[in-house]
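Spelled out, the chains give:
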Amino acid sequence: MAATRADGMPIISKLYCSSSQAVLVVRKRPHVVSGGGFVVTDCSQKVVFRVDGCGVIGSEGELRLRDSSGEALLLIRRKGGMVQALSIHRKWKGYTSDYEGSQKLVFRLKEPNYSCLVRSNAIRISTEPRRSNKDWDFEIKGYFPDRSCSIVDHLGKIVAQIGVNEEVNQLMANKDLYHVAVNPGVDQVFIFGVIAVLDYIYGESTRC
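- You'll find the protein chain entered in an unreviewed UniProt entry as protein lurp-one-related 6, with Salix viminalis given as the organism.
- What the UniProt record of the protein chain gives under Sequence similarities (unreviewed entry) is the line "Belongs to the LOR family."

Description of helix H5 (residues 188-201)
Residues spaced three or four apart along an α-helix face the same direction, because each turn holds 3.6 residues.
Then comes step 1: Helix length check: H5 (14 residues) gives 20 Å between terminal C-alpha atoms against 20 Å at 1.5 Å per residue, within 8%.
Then comes step 2: Taking burial as the measure, the 14 residues of H5 include 14 buried ones, the bulk of the element.
Then comes step 3: Here H5 starts with a cap whose side-chain oxygen sits 3.1 Å from the backbone nitrogen of Val-189, and that cap is Asp-187.
Then comes step 4: A positive backbone phi angle near 65 degrees is found at Gly-203, which sits one or two residues after H5.

Observations concerning the environment of Asp-42
Then comes step 1: Structurally, Asp-42 is set in the loop between strand E2 (38-41) and strand E3 (47-52).
Then comes step 2: Taking the C-alpha atoms as reference, Asp-42 lies 9.1 Å from Val-26; in sequence the two are 16 residues apart.
Then comes step 3: Here Asp-42 is in contact with Leu-24 and Val-48, once residues within four sequence places are set aside.
Then comes step 4: Here the side chain of Asp-42 touches Ser-44 through a polar contact of 2.8 Å, side chain to side chain.
Then comes step 5: Here Lys-46 takes part through its backbone nitrogen, which lies 2.9 Å from a polar atom of the side chain of Asp-42.

Criteria and cut-off values
Residues numbered from 1 in each chain as written. Predicted model: local features only at pLDDT ≥ 70, side-chain atom pairs only at ≥ 80, totals over all residues. Heavy atoms only, no water. UniProt positions renumbered as here; feature names shortened; annotations may be inferred. Helix = DSSP H or I, 4+ residues; strand = E, 2+ residues; numbered from the N terminus. Expected span 1.5 Å × (residues − 1). Buried < 20%, exposed > 50% of the residue type's maximum accessible area, 1.4 Å probe, protein only. Polar contact = N/O pair within 3.5 Å; in protein donor to acceptor, adjacent residues only side chain to side chain. Contact = heavy atoms within 4.5 Å.

Structure representation (C-alpha cells):
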C-alpha cells in the first residue's frame, strides 16, 4: 500500500516527523537480561528509540520512551486508584517534560472494555491539542499480538502499520522482532508511545 502523507502537525516534535516513509524495527528486550521493554532501530540497525518497561523503572503501569542517547521523550502512565477501578475504560496518559521538569499532557489512550455490560474492543487515542470534533483522534485497527494492525486517524487514513509486508509475516514466528512503517509527516515518538502502551496492554515486554 502506498504511503500517504499526514497533515504534518507534530504531536511531540517536528524533529520526529520524516518527509518520507520510515520503516523501523522493534526488538523486544528480555526481562531476565534488561528488565524488559524494547528497542527501535532503523534499516542500518542504528538505535532510534528505546522504551523502558516497568521491569526497568520499577513502577507498574509506567513506561518511558527515550531517544538514542537515553534522553527521555515521553512518560506514559496508566490511571490508577479508585477512579480507575470504577471506570468503564482503563486510561493511559502520555506526557512530555520541558527543561524545568514541568509535564505536559500530549495524548490519552483508552484500553479495550471487556465488561459484560458494555461491549467495545476499540482502542482510541485523543491528542492535546485535539484534531477532530470526535471524542478521539486516532484508532487502532487490527490486533496487535498478531503483528497485524494499523493506527488510523479520525478520517480513516493510515498513519502507521505493524506487520505490513511478506517479510514481516515470515518473521511472525518470532514475536520479539517486527517492523513498523510510519507514514510521512507522522510523529514517530507518538507512534512508538502508542505501541509501548499496546505492548503493555497485551502483557508483552514492557509489563512486569
